[in-house]
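Per-entry structural report
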Amino acid sequence: MSGLHPAKPFPEAAKSEVNNPQLRANLRKVTNTIREKRLRALGELPHWEELRVLAAATKDASLANLGDRLLELEASIRARGGHVHWARDAAEARELVAQIALAHQVTELIKVKSITSDEIELNAALTAHGIHAIETDLAELIVQLSHDTPSHILVPAIHRNRAEIQELFNRELGDPEHLSDEPAVLAGAARRYLRQKFLTTKMAVSGANFAIADTGTVCIVESEGNGRMCVTLPEVLVSIMGIEKVLQTWEDISVFMEVLPRSSTAERMNPYTSFWSGVTPGDGPQEFHLILLDNGRTDVLADEVGRQTLRCIRCSACLNVCPVYERAGGHAYGSVYPGPIGAILTPQLLHMEDRNANTLPGASSLCGACFDACPVRINIPQVLIYLRGEANERKGVTLESVAMGAMRYAMSEGWRFEGAVKLARAGQGPLVRDGQITALPGLLGGWTQSRDLGAFPPQSFREWWKKRDAEEQS
């Protein structure tokens, strides 16, 4: 997986992942646990649906005036001693971070878990400049040490079990004692490794969950405390934020402090919620840079159907309820944004121009569980269907489009439909076995690999109805 660009179409990538029994067992165990905890947390709030409506309306209101909100945010941060940079795409964002690091002669920096930095493939770009980025989130550290890629928005190493992590840490962290697979022991090994980095590293990079325009405040929420270390201890802090994350006022953020933790970690509140505004002399980083990343977002905003995707607060609730994700895993999506939200966000950020990404809207049963789980009411099934249409139009004339056009023609008039049924009935003879069609020829064979079709009956409903009418009139 590389940033936003899938290396393979989803059906091809998913085929190998689905056949991995260990992966499926890991995913099933973790997603089931998260789902059950989330339902208990939501059960404490009788007004949960009202909160969802409010959260969606709050995001929509900010997106409706996004340009003004961003300019206000920029002015507020600069008034408090911070620096603001605008990045049109991933390349500009990567170069900005690299140049800030080089200006401070940094060869090693620490990172807060940030899916936005994964989106722009920051770590590889920094390595090319001779700068080593160290992931401080436990799951991200596991992914980094194993030279793997994330498979979940909230739990990037969800595809790994304790035995695999035990082997990895014993090999990579060089602990003098042989580590057991107890979670506390493994976490302790990571803590010892990272604590030295927190205390000696000059620069940190973070993402941002939200930013508040009128005060110039940036916010991250996390569960381990590594984020708090990164945004308070280093001399230089760089935060990369998608432009859709801005809100207008402090009051706006309150609803997200309720819906985000319950939807992501199934907690009443995040263990660590950090806010900072610019620079405070003698307290925290003495140089702060905010990079506002577009990378296709303004094009998504311009789409009347697709723009609701930008409400996303990266809670991952849709992944944990999705039957496709649970079986295929995050790597099958080939993007840093897996699951239902990735299936609609990735192709849009790529302007529907990446053929592999355009297969992602098909990675859904359209069961609607993702919409029911989404705390900001993104109608993911609606956007999936819309993007499927967009993708099909971009394919041009194909055998599938010709076949669908022929079906539309046949079904647009009653007499055409009756004629098509008669032709199908006459032509099905060699294919029927005991009243079923178990194997279709050629390209249609894929349909009958896992299902049988009922044979066309000797008399259609329309023919029976006409005969009935004729008999009654006589």
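Above this text sits the structure in question.
Since this is a predicted model, take the numbers as computed values, not measurements.

Moving on to the packing of helix H2 (residues 21–42) against helix H12 (residues 250–264). Running from N to C, H2 and H12 point in directions that differ by 150 degrees, and their axes come no closer than 8 Å. Side by side, H2 and H12 meet where Ile-34, Arg-38, Ala-41 and Leu-42 of the first sit next to Arg-262, Ser-263 and Ser-264 of the second.

Residues Met-203 and Val-205 line one face of strand E4 (residues 203–206) and the alternating positions Ala-204 and Ser-206 line the opposite face, and both faces are buried. The pairing of strand E2 (residues 108–111) with E4 spans 2 bridges and is classified as parallel. Within E4, the residue paired with Ile-110 across the bridge is Ala-204. Where E4 lies against strand E7 (residues 236–242), 4 bridges are found, and the strand directions are parallel. Looking at the pairing, Val-205 lines up with Val-238 of E7.

As a further point, take a nonpolar patch on the surface. A contiguous nonpolar patch, built from Met-404, Met-407, Met-411 and Phe-417 and spanning about 390 Å² of accessible area, is present on the exposed surface. When residues of the nonpolar patch are assigned to their parent elements, the largest contribution, 3 residues, is made by helix H19 (residues 399–411).

Taken together, 6 strands build an open sheet; the order of strands is E1-E10-E7-E4-E2-E3 and the sheet is parallel. In this open sheet, the two edge strands, each paired with only one partner strand, are strand E1 (83–87) and strand E3 (132–135). On average, each strand axis in the sheet is inclined to that of its neighbour by 25 degrees, with strand direction left out of account. Helix H4 (residues 66–79) contacts E1, E7 and strand E10 (287–293) of the sheet and is inclined by roughly 145 degrees relative to E1.

The rules behind the values
- Residues numbered from 1 in each chain as written.
- Predicted model: local features only at pLDDT ≥ 70, side-chain atom pairs only at ≥ 80, totals over all residues.
- Heavy atoms only, no water.
- Axes fitted to C-alpha atoms, helices over the stretch in contact; angles between N-to-C directions.
- Helix = DSSP H or I, 4+ residues; strand = E, 2+ residues; numbered from the N terminus.
- Contact = heavy atoms within 4.5 Å.
- Buried < 20%, exposed > 50% of the residue type's maximum accessible area, 1.4 Å probe, protein only.
- Pairing = 2+ DSSP bridges.
- Patch = residues over 30% accessible without salt bridge, like charges linked within 9 Å, V, L, I, M, F, W, Y side chains within 5 Å.
- Areas by Shrake-Rupley, 256 points an atom, 1.4 Å probe, with all protein chains shown as cover.
- Salt bridge = Lys/Arg side-chain N within 4 Å of Asp/Glu carboxyl O.

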